[in-house]
Structures are given as structure tokens and as C-alpha cells.
Amino acid sequence: MAAIACLSSSAVAALGVSQRIGLGFECSSSQQQQQTEASCSNRSSSFVLQKSWQRCGGRDQQRQDGGGEYPFLETPTSRGTSGGVPVFVMLPLDSVNMNNTLNRRRALNASLMALKSAGVEGVMLDVWWGIVERDGPRIYNWSAYKELIDLVRSHGLKVQAVMSFHKCGGNVGDSCTVPLPPWVMEEVERNPDLVYTDKAGRRNPEYLSLGCDTLPVLKGRSPVQVYTDFMRSFRDTFANLLGDVIIEIQCGLGPAGELRYPSYPESEGKWRFPGIGEFQCYDKYMLASLKANAHALGKPHWGLGGPHDAGHYNQWPEDTSFFSRDGSWKSDYGQFFMEWYSEMLLAHGERVLAAATGVFCGTGAIVSGKVAGIHWHYGTRSHAAELTAGYYNTRTRDGYAPIAQMFAKHGVTLNFTCIEMRDFEQPSDALCCPESLVRQVAVATRKAGIRMAGENALPRFDKYAHDQVVSKSRLRMNEMGDTDGEFEPMCAFTFLRMGENLFYSENWRQFVPFVRHMEEGRTFQPWEEEAHSAETHVHATGPLVQEAASLMYH
């Protein structure tokens, strides 16, 4: 417990200074390799020095180093300020099944051929921890992923590989179940506090609690060490493809791969949209950290647990005393708790991203991380749904600037969702503001000097969603709203998701010109002018697309 208290105390020292974690916990490789990876990580940390913000007197101020916008930084997919945005497509979640074999190979082959014909840059695939390291600690089976990546390469497509350290199943769009490795779940059964816990004591086995990040709870290794060893094995296995075929490593950081707490779990009917969610800080490791920090401030009664008046998963902000307009989220206690809760999440992100950038340094592949697009109740003062997820973002406090700054320390691309959404399409009573949220995150990444990539949060195949993505991908926005200014666009957009619906004739007819507009960097949508061209392409690839749709269905 002393180690926990020491860790968390430094994480929340001064109520707002992010903890800086190195790679001193490495234990599974040679000392020389460890030093090389740590050196790479330290070099990536210096990325931010000339263009980040510095925290001064409790306020974030942009560094005055002679420049406004950050300079153009080359990446494997960058096109320049006036260039296009490459489009990737997510593969089905079960492309590799629990038997570690390739699912529907014929369907994948036909689908990849169709994507290539449409001008798609590449695909995103989940590399499931629960499949690869299923047989035991450090026993990795990459056979199915070798076959899958080789198939993708044969079609001339690139790969975004997601290091998926979470469970699949229980989130929006999850079409299959991939649990954490059995040997990990055995440890969870012996010690249920290894996973996130809500105030009612309900455990969530979707992702290991960040409270035990650095503790040797997995057969002598810490979770971060286990993640690092997994990534190192991936690097060594696919070394000849990194930077050429595998151009991006998206590092899983939490549930659904996102840097957040599992505050809105759909599994077992706990949560439904647009509920505010619940704080996930009731495992013994998180509680020990909270207690230590409360004692350090001379407020021991603040460390007994999370807010007692924060309501339940499916309530609304005004239903609670904590999140209401002038609720206790604004009190000294509320600010203390939210600083601690959000800083613990930032420290977790920093630990894992430091490990990832160390492992993949020098490979030619960029590293990215994903942040969730929690747009409901954004129009309220407290932004309750964001707070329970760990984003300390309110009407008076920017919660995304610290996240962008942390990403910038390691030169990591920030991937953000809900790019396809428009405000008026959402339930008005839930005060959803996806467009304002995207703008806030875009400004935060620009000021931090890092790349921003995008995804659609929900499957959409219609013209209106495509229009919105094309428009927002240019990132022509500032604090005041949309602008005609010339900014560097997103470095990539990943489309959710490949499946039979994508290849239905009408959907495919919309998708083909969308990809071309993105690739060409267009800011207008001459859909009628391209109707003939798109129709010609659809007709020419008709048999291939029909085969893909049929095989994906079966």
C-alpha cells in the first residue's frame, strides 16, 4: 500500500501536474534493449518542448517561441495543408476468431479487392490480447495475424494495427466476444479488485483497473509490463513490415481501446444512452490512492469514496446533487475528486504510451491513441458524462488540452470519434453537441502540436454523414467556430466498418465518391457531377462487390 500511496500522491501533487512515468519497470528483455526503448521514449517526450503549452500559475499558456501554428510534420499518411485525407476501413471485429484462425477468408479477399478499387488507403484491424496470448504468459501465437496482414499486403493496402488490451463484447457495435486471456481472468477471479468497480460493487472485466498498473499482479508482472511485452513481441514478429505495410500502431488505453474509464457499460443493461454513467473508482487500488491523496491534503474524509450524490448510470445531470447546474462538482471536494480521477487516467495513458513509443521507436510506424467522443450532456455546465469517463471538461475548464499535451510528450497522434455527427441529429433534450466537441478537441491538438485522426462513432452509409466527415476532416475551425482559415487536415480517417452493409449497392454508390473526395482534399461535394463516374465504377465492380456482400453475410 505504501507504493500505491507514493504513486498516487505524486500523480495528483499540486492538483493538476501530470505524473511523469518512465520505463524503469521493464523486466523481460535484455538491459541494452530496455535502454534503447527508454531512450526512444525520452526523445519522443522532448517532441513537445518547442510547441506545447506550459502550465503556469494554474493556467495553460501557449509557449512564445516565435511561431503560431505548429510546422508541417511528415507522417506516413500526411498530405500537407492542402492535401487529401487518406481513408482506412475497420475490418470486422472477428476477422480472427477465438481459435486463432482467419474468419471468412474468401469474403475478406473479395472485400479487400473492392476497397482497393475504391481508392481506400488501408484497413484497421484489432490485434486481440485475449487471442494472441491466450495460452499463457508470454506464449504468443501470431499465426492468424500473419496470414491476415499478408492478405492485406497482397492487395496493396496499408495496416493500422490496434493493440487491443480490452475485452470485446458489451459496447456499441460489438458483434462478437473476445475476453481477456484466460490466465488473466484466473487472476481476476482470485483478486476481483484487478478490474474496475462501481459504487455498488459491480465488477467490469472489460479492462484491468489502472489502479494496479505498476503492481506485479499478473504472475509477477505488472499490467503495463504485460502490455509492453505484448507490443515488443508484435514488433519483433512483424519487424520487416513496420513502417511499410504496418504504418500505424494504435495503442489500446482502456475500454473499447479508448483512454477513459468504463463509465457507460452497455453490458447487462447497466447503461443506456444518454445516461450520465458512474464513477469507476471503487476497487481497492483506486480507493487506496484516493485515500492517500486526501490524507496528503489534510482532508481524510474526502478519501472515503467517490461522490455520494453523483446518481446512477441512467440518470440525467439535473437528477443529481453533484452534476446539477450549481452542484457539488463545483465545490472544493468536487474539484479535488475530479482532479484526482482525471489525473489518474492521464498518468495511465502516459505510462502505456511511453511504453509504446519506446517499443516502436525507429520502426517507421507512428503511434496513436484513441479518445472517446462523449457528446451527450456537453451543453450542460458540468458535462456529467465526460466527468464520469475521466475527462475533467466543464463549461469553465478545458479537459482535452491536458490530454493533448500528454499525447504530445510522446509525439502520439490523437484519434477522435463522432466526426460524422451533426448537432441537430441528436436528442435535443440531452444537449448533445458533437460538433462543438470535435472543434474543442481539434483546437487542443493544434495547440499541443500533434496530429489528429478521426473515426465515425456509429455505422453510417448515407450522404449526409459522408458530407459531414469530408467537411470536418479539414479541421477548419477555431475556438469561435468554423473558419475559412487554412489548417492542416486530419492525418487519416478510419471508416466504421467493413461488412455486408457497406457493399449494398446504394451504400457502395455513396462510399466510392466519399473516398475520392477525402483523398483529393475537396472542401465541396459535387456529388451530381460525379454520379456518372461513381455509377461506372459501381457497375464495373458490381460482381466483386456482390460477392463480398454475400460472403460477408454467410
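A brief report on the enclosed structure follows. (Residues numbered from 1 in each chain as written. Predicted model: local features only at pLDDT ≥ 70, side-chain atom pairs only at ≥ 80, totals over all residues. Heavy atoms only, no water.)

So, on to helix α8 (residues 284-296). Helix length check: α8, at 13 residues, gives a terminal C-alpha distance of 18 Å against a target of 18 Å (1.5 Å per residue), a fit within 8%. Buried residues of α8: Tyr285, Met286, Ala288, Ser289, Leu290, Ala292, Asn293 and Ala294, and no others. Backbone nitrogen of Tyr285 and a side-chain oxygen of the N-cap are separated by 3.0 Å at the start of α8; the cap is Asp283. Residue Gly298 follows α8 closely and has a positive phi angle near 75°. (Helix = DSSP H or I, 4+ residues; strand = E, 2+ residues; numbered from the N terminus. Expected span 1.5 Å × (residues − 1). Buried < 20%, exposed > 50% of the residue type's maximum accessible area, 1.4 Å probe, protein only. Polar contact = N/O pair within 3.5 Å; in protein donor to acceptor, adjacent residues only side chain to side chain.)

The subject of this paragraph is the pattern of salt bridges. This model, assessed by the stated rule, comprises 31 salt bridges. Between Asp326 and Lys330 there is a salt bridge whose closest N-O contact spans 3.3 Å. For Arg509, the salt bridge is made with Glu506, and the minimal N-O distance between the two is 3.4 Å. Here Arg509 pairs with Glu506, and both are found in helix α14 (residues 505-520), just 3 residues apart, close to one helical turn. For Arg509, a relative accessible area of 25% corresponds to the partly exposed category. Glu506 sits in the partly exposed class, given a relative accessible area of 43%. (Salt bridge = Lys/Arg side-chain N within 4 Å of Asp/Glu carboxyl O.)

This part covers helix α3 (residues 105-118). For α3, spanning 14 residues, the distance from its first C-alpha to its last is 20 Å, which sits close to the expected 20 Å at 1.5 Å a residue. Of the residues one or two after α3, Gly119 is the one with positive phi, at around 95°.

Taken in spatial order, the 8 strands of this closed barrel run β3-β4-β5-β8-β9-β10-β11-β14, and their pairing is parallel. Averaged over all adjacent pairs, the angle separating strand axes in this sheet is 30°, with direction ignored. In this structure, strand β3 (residues 87-90) lies alongside strand β14 (residues 493-495), joined through 3 bridges in parallel fashion. Bridging across to β14, Val89 finds its partner in Phe495. (Pairing = 2+ DSSP bridges. Axes fitted to C-alpha atoms, helices over the stretch in contact; angles between N-to-C directions.)

Below, the discussion takes up the packing of aromatic side chains. In this description, a pair of aromatic rings is defined by centroid distance and the angle of the planes. Considering all chains together, one arrives at 38 aromatic pairs under this definition. Ring centres of Trp142 and Phe234 lie 5.5 Å apart, and the angle between their planes is 70°; this geometry places the pair in the edge-to-face category. Of this pair, Trp142 sits in the loop between α4 (129-132) and α5 (143-154) while Phe234 sits in helix α7 (residues 223-237), and the two are 92 residues apart along the sequence. Neither residue differs from the other here; Trp142 and Phe234 are each classed as buried. With 6.2 Å between their ring centres and 85° between their planes, Phe493 and Phe514 make a pair best called edge-to-face. Of the two residues, Phe493 sits in strand β14 while Phe514 sits in helix α14, which places them 21 residues apart along the sequence. The residue whose ring lies beneath Lys299 is Trp302, and the NZ or CZ to ring-centre distance is 5.3 Å. The ring of Phe487 is capped by Arg446, whose NZ or CZ atom sits 3.7 Å from the centre of that ring. (Phe/Tyr/Trp six-rings, centres within 6.5 Å; stacked < 30°, edge-to-face > 60°. Lys NZ or Arg CZ within 6 Å of the ring centre and 35° of its normal.)

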